[in-house]
Amino acid sequence: MGACKYRLIDLFAGAGGMTLGFTQAGFAPVWANDFNRDAVRTYNANFADFGEHCIEGDISALLADNTTSIPAADVVIGGPPCQGFSLLNKNRASDPRKQMWRPFLEVVRRSEADLFVIENVAQLLNSPECGELALAARALGFQVTSAKLLAADYGVPQQRWRAFIVGCRFADPSLLFPPPKTHCNPALDTALCAWRTVRDCIADLPEPQGTRIGPAPPLDLHFGRTPTPLSLQRYRAIPEEGMNRFDLQRRALELTPPCWIRKTSGGTDLFGRLWWDRPAFTIRTEFFKPEKGRYLHPSQHRPITHREAARLQSFPDWFRFHGSKGEIARQIGNAVPPLLARRVAESVVAMLDMRERERVA
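Throughout, a residue's number is its position along its own chain's written sequence, starting from 1. Where local features are concerned, this predicted model is filtered to residues with pLDDT of at least 70; where side-chain atom pairs are given and counted, the filter is 80 or more; whole-chain, interface and lining totals use all residues. For the side-chain quantities, the full set of heavy atoms in the structure was used; hydrogens and water were omitted.

*Asks:* Which residues make up the overall build of the protein, and what are the values?
*Replies:* A count of helices and strands for the protein gives 12 helices and 11 strands. For the radius of gyration, the atoms used are the C-alpha atoms, and the globule rule reads 2.2 Å times the number of residues raised to 0.38. For 361 residues, the compact-globule estimate of 2.2 N^0.38 gives 21 Å, and the C-alpha radius of gyration of the protein, at 21 Å, lies within 12% of that figure. Counting only C-alpha atoms, the protein reaches 70 × 45 × 40 Å along its principal axes. What makes two residues a contact is simply this: any of their non-hydrogen atoms within 4.5 Å. Partitioning the contacts of the protein with sequence separation of at least 6, the portion at a separation of at least 24 is 63%. The Shrake-Rupley method, run with a 1.4 Å probe sphere, supplies the accessible areas, and residue values consider only the shown protein chains as cover. As presented, the protein carries roughly 16200 Å² of accessible surface, and 51% of it is formed by carbon and sulfur atoms. Charge convention: Lys and Arg are scored as positive, Asp and Glu as negative, and His as well as the terminal groups of each chain are ignored. To locate a charge, take NZ of a lysine, CZ of an arginine, CG of an aspartate or CD of a glutamate. Taken as two groups, the 45 positive and 38 negative side-chain charges of the protein have centres that lie 6 Å from each other. Every helix listed is a DSSP run of H or I at least four residues long, and every strand listed is a run of E at least two residues long, numbered separately from the N terminus.

*Asks:* Please set out the packing of aromatic side chains residue by residue, giving values where relevant.
*Replies:* Centres within 6.5 Å make a pair out of two Phe, Tyr or Trp rings, where for Trp the six-membered ring is used; the pair is then stacked when the planes are under 30 degrees apart, edge-to-face when over 60, and tilted otherwise. Counted according to the given criterion, the structure contains 14 aromatic pairs. Relative to Phe 319, the ring of Trp 318 lies with its centre 6.0 Å away and its plane at 45°, an arrangement referred to as tilted. Given the relative accessible area of 0%, Phe 319 is considered buried. Clustering of aromatic rings is evident, with ring pairs tying together Tyr 43, Phe 47, Phe 315, Trp 318, Phe 319 and Phe 321. Charge-over-ring contacts are defined here by two conditions on Lys NZ or Arg CZ: a distance within 6 Å of the ring centre and an angle within 35 degrees of the ring normal. Across the ring face of Phe 281, the terminal group of Arg 294 is positioned such that the distance to the ring centre comes to 5.5 Å. Lys 325 extends its terminal NZ or CZ atom over the ring of Phe 223, reaching a point 5.0 Å from the ring centre. Three labels apply to residues, based on accessible area from a 1.4 Å probe with only protein chains included: buried if under 20% of the type maximum, exposed if over 50%, partly exposed otherwise in between.

*Asks:* Give a description of the pattern of salt bridges that names residues and reports values.
*Replies:* We count a salt bridge whenever a side-chain nitrogen from Lys or Arg sits within 4 Å of a carboxyl oxygen from Asp or Glu. For the structure on display, the rule yields 28 salt bridges. One salt bridge in this structure joins Arg 41 and Asp 38, with 3.2 Å as the shortest N-O distance. In this pair, Arg 41 and Asp 38 both sit in helix 2 (residues 37–46), three residues apart, roughly one turn of the helix. The exposure class of Arg 41 is partly exposed, given its relative accessible area of 42%. Exposure remark for Asp 38: the relative accessible area of 18% places this residue in the buried category. Ionic pairing is found between Glu 132 and Arg 102, a salt bridge with its closest N-O pair at 3.4 Å.

*Asks:* Lay out the pairing of strand 4 (residues 75–78) in plain terms, naming residues and giving numbers.
*Replies:* Residues Val 75 and Ile 77 of strand 4 are buried on one face, and the alternating residues Val 76 and Gly 78, pointing to the opposite face, are buried as well. Strand direction decides the pairing type here: strand 1 (residues 6–11) and strand 4, joined by four bridges, are parallel. Bridge assignment links Asp 10 to a residue of strand 4, and that residue is Ile 77. A strand pair is defined by DSSP finding two or more bridges across the two strands.

*Asks:* Provide a residue-level description of the nonpolar core, including the pertinent values.
*Replies:* As a rule of thumb, nonpolar side chains are buried together in soluble globular proteins. Residues grouped as a nonpolar core are buried Ala, Val, Leu, Ile, Met, Phe, Trp, Tyr and Cys residues, joined through side-chain atoms within 4.5 Å. Counting residues in hydrophobic clusters, the biggest one holds 32 residues, and the most contacted among them are Ile 283, Phe 287, Ile 304 and Phe 321. Put simply, the parts of the chain that give this core at least two residues each are helix 2, helix 6 (198–202), helix 10 (306–312) and helix 11 (325–334). With sequence-adjacent residues up to four places away left out, Phe 321 is seen in contact with Ala 15, Thr 42, Leu 221, Ala 310, Phe 315, Ile 328, Gln 331 and Ile 332.

*Asks:* Describe helix 7 (residues 229–237), and please don't skip the residues or the numbers.
*Replies:* Along helix 7, the positions that sit buried rather than exposed are Ser 231, Arg 234, Tyr 235 and Ala 237. Buried residues of helix 7, seen end-on, are gathered within an arc of 165° and therefore sit on one face of the element. In this structure, helix 7 carries Pro 229 and Arg 236 as exposed residues pointing more than 90 degrees from its buried face. Contacts made by the buried residues of helix 7 are with helix 8 (245–251). Arc definition: it is the arc formed by the directions from the helix axis to the C-beta atoms.

*Asks:* I'd like to hear about the side chain of Ser 314, residue by residue, with values.
*Replies:* By the secondary structure assignment, Ser 314 is in the loop between helix 10 and helix 11. By relative accessible area, Ser 314 is classed as buried at 16%.

*Asks:* Kindly report on the confidence of the model for the protein, identifying the contributing residues and their values.
*Replies:* Taken residue by residue, the protein gives an average pLDDT of 94. The fraction at 70 or more is 94%. Throughout residues 85–89 the model reports pLDDT below 50, and contacts reaching past four residues in sequence, or to other chains, amount to 17 contacts. Predictor confidence is given residue by residue as pLDDT, running from a minimum of 0 to a maximum of 100.

*Asks:* Describe the side chain of Thr 256, and please don't skip the residues or the numbers.
*Replies:* Positionally, Thr 256 belongs in the loop between helix 8 and helix 9 (258–262). Each polar contact in these results corresponds to two N or O atoms within 3.5 Å; when the atoms are within protein, one needs to be able to donate a hydrogen and the other to accept it, and residues that are neighboring in sequence are counted only if both atoms are side-chain atoms. Only 3.5 Å separates the side chain of Thr 256 from the backbone nitrogen of Gln 249, close enough to count as a polar contact. Residues contacting Thr 256, with those up to four places away along its chain left out, are Leu 248, Gln 249 and Ile 261.

*Asks:* Mind laying out the sheet that holds strand 3 (residues 54–56), listing which residues take part and the relevant values?
*Replies:* Strands sit in the order 3-2-1-4-5-8-6 across an open sheet of seven strands; the sheet is mixed. Here the strands that pair on one side only, and so sit at the sheet edges, are strand 3 and strand 6 (143–150). Going across the sheet, the axis of each strand differs from the next one's by a mean of 15°, ignoring polarity. Sheet topology places strand 6 next to strand 8 (residues 161–168); eight bridges connect them, and they run antiparallel. Bridging from a neighbouring strand, Lys 148 pairs with Ala 163 of strand 8. Helix 4 (residues 101–111) rests against strand 1, strand 4 and strand 5 (115–121) of the sheet, and its axis sits at about 160° to strand 4. Note on method: axes are straight lines fitted to C-alpha atoms, helices fitted across the in-contact stretch only, with angles between N-to-C directions ranging 0 to 180 degrees.

Put into structure tokens, the structure is as follows:
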């Protein structure tokens, strides 16, 4: 990475996955915020070279505090809480978290940033809030564009769709966003590098030993669990890649939970095994629970470990997480994949470089 030219603020920063991608593209973070104490510890530990600049607290309360000083920045990035838009949230219509773009834009205004990037679940782009956000941003002088990006198309070994909204004061951001794809589905195209796979990402790791967080990467987060005998029977009943709860019901009805038997449609990824030679599916915060998604190891009779999940999110092994096992899992699952963030950041750098050329001219 060369010298840092542009100043960055990251809101709802979590562990710092988005900041990591932007620093790899040459940005210098100057301020960040998250309400979760362990996430703030993780962030500050990994970006210590830039000073302890991640502040713990609710962003709305911080903005209402007259002592809060927002530094100048070139770009503000962040992923407001996505639960307000998630299809998994049955109360999403009235969820107040759908309005967290408002304090985000207030930070954009106070920092006098020329660019902003908002990341969220794909459902954001079809929501009324997306239109409200665009109107408010235009009132501040921004042109706005958006896109739904697939992480696997940018080198992340995961089929994770995310929405990005980009605002720019000095140019039409659609000229340089979305970034060009770097990878593609090899079954459909061979023009680019093939999607990275589970095998590419985790095949070198040994079987996990013990159930505690270890002292050094990569095995610090490569610990096992203590499944019940019934859980082990279920794992062994579906030994082949790609199998799921319907295969369990077909092969071992007596081991299948009654609620799964009653639910005859949907949920094809529940209790599913990953495929070695495909990207993983979306890594969420409870990836260590196979009943929550396709989180079983392709060949071993266990769910993926925290280290495997972090790699599937494209976190480097040197990135250190702080907190309990559950807190670390939330940090991993909630993060923007750093490699996807870096590709977005490269588009933002191109826009800011264009601004600098125009200033010189």
